[in-house]
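Chains, contacts and geometry: an overview
Each chain, written out:
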Amino acid sequence: QVQLVESGGGLVQAGGSLRLSCEASGRTFSRDAMGWFRQVPGKEREFVAAITGGGRSTWYGDSVRGRFTISRDNVKNTVYLQMNSLKPEDTAVYYCAARPRRVLEQDDYQYWGQGTQVTVSS
């Protein structure tokens, strides 16, 4: 059974940092792109970042570019999201996803985690 398990969420003050982790089990994703999305209740899920299987190419949403960094460790079958200079508007549930055909299209992702809450206080 394939599972993606996010961790690292929590409460942080504005300007602070968090690092999210997403550990995959049940299969390797070393050849697959993986991504992070986020969602606030009542709003559509938003693309945050994505990375190719080898880690050579990355993409970022406009609202996080320059503040967030996606990376991966294929030995550990884990993808990370380093979040710096956090703002209250970054508050959301963050989801990890894997194996899309098109990295910017959330409906293309085949596997999803359960999400981890990130709350940024002002």
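Heads up: these notes are all about the structure in this document.

With burial as the criterion, only one face of strand E7 (residues 68-73) is covered, namely that bearing Phe68, Ile70 and Arg72; the residues Thr69, Ser71 and Asp73 on the opposite face remain uncovered. Bridge analysis of E7 against strand E8 (residues 78-83) gives six bridges, and the strand direction is antiparallel. Considered in E8, the bridge of Arg72 is made with Val79. In this antiparallel pair of consecutive strands, E7 and E8, the connection spans four residues, and Asn77 shows a positive phi of 55°.

Moving on to the pattern of salt bridges. If you walk through the whole model with that rule in mind, you get eight salt bridges. Across the pair Arg27 and Asp32 runs a salt bridge whose closest N-O atoms are separated by 2.8 Å. Note on Arg27: relative accessible area 28%, which makes it partly exposed. Across the pair Arg38 and Asp90 runs a salt bridge, and its minimum N-O distance is 2.9 Å. Taken together, the positions of Arg38 in strand E4 (residues 34-39) and Asp90 in the loop between E8 and strand E9 (92-98) put the pair 52 residues apart, joining distant regions of the chain. By relative accessible area, which is 5% here, Arg38 ends up buried. Judged by its relative accessible area of 1%, Asp90 is buried. Because the salt bridges share partners, they merge into one network encompassing Arg38, Glu46, Arg67 and Asp90.

Its place among the elements puts Glu6 in strand E1 (residues 3-7). Of the polar contacts made by the side chain of Glu6, one reaches the backbone nitrogen of Cys96; its length is 2.8 Å. At 3.1 Å, the side chain of Glu6 forms a polar contact with the backbone nitrogen of Gln114. If near-sequence neighbours (up to four positions away) are discounted, Glu6 is found in contact with Ser21, Cys22, Trp36, Tyr94, Tyr95, Cys96, Gly113, Gln114, Gly115 and Thr116.

What follows deals with the state of the cysteines. Counted by the stated rule, this structure contains one disulfide. Between the sulfur atoms of Cys22 and its disulfide partner Cys96 the distance amounts to 2.1 Å. Looking down the S-S bond of the Cys22 and Cys96 bridge, the torsion is -75°, so its handedness is left-handed. With Cys22 in strand E3 (residues 18-25) and Cys96 in strand E9, this residue pair connects regions lying 74 residues apart in the sequence. Comparing Cys22 with Cys96, the two get one shared label, buried.

Calculation rules
Each chain has its residues counted from 1, running along the sequence as written. Only residues with pLDDT of 70 or above have their local features reported here, since the model is predicted, and side-chain atom pairs are shown and tallied only from 80 upward, although totals for entire chains, interfaces and linings are computed over all residues. As a convention, hydrogens and water are excluded, and side-chain values are obtained from all of the structure's heavy atoms. The cut-offs for exposure are 20% and 50% of the maximum accessible area for each residue type, with area from a 1.4 Å probe on protein chains only; residues under the lower value are buried, those over the upper are exposed, and the others partly exposed. Each helix is a run of H or I in the DSSP string that is no shorter than four residues. Each strand is a run of E no shorter than two, and both are numbered from the N terminus. Two strands make a pair as long as DSSP finds a minimum of two bridges between them. Any carboxyl oxygen of Asp or Glu within 4 Å of a side-chain nitrogen of Lys or Arg constitutes a salt bridge here. The term polar contact refers here to a pair of N or O atoms within 3.5 Å; inside protein, the definition further demands a hydrogen-donor-capable atom paired with an acceptor-capable atom, and it admits residues adjacent in sequence only when both atoms are side-chain atoms. Working rule for contacts: check all heavy atoms of both residues, and any pair within 4.5 Å makes them a contact. Cysteine sulfur pairs qualify as disulfides if the two atoms are within 2.5 Å.

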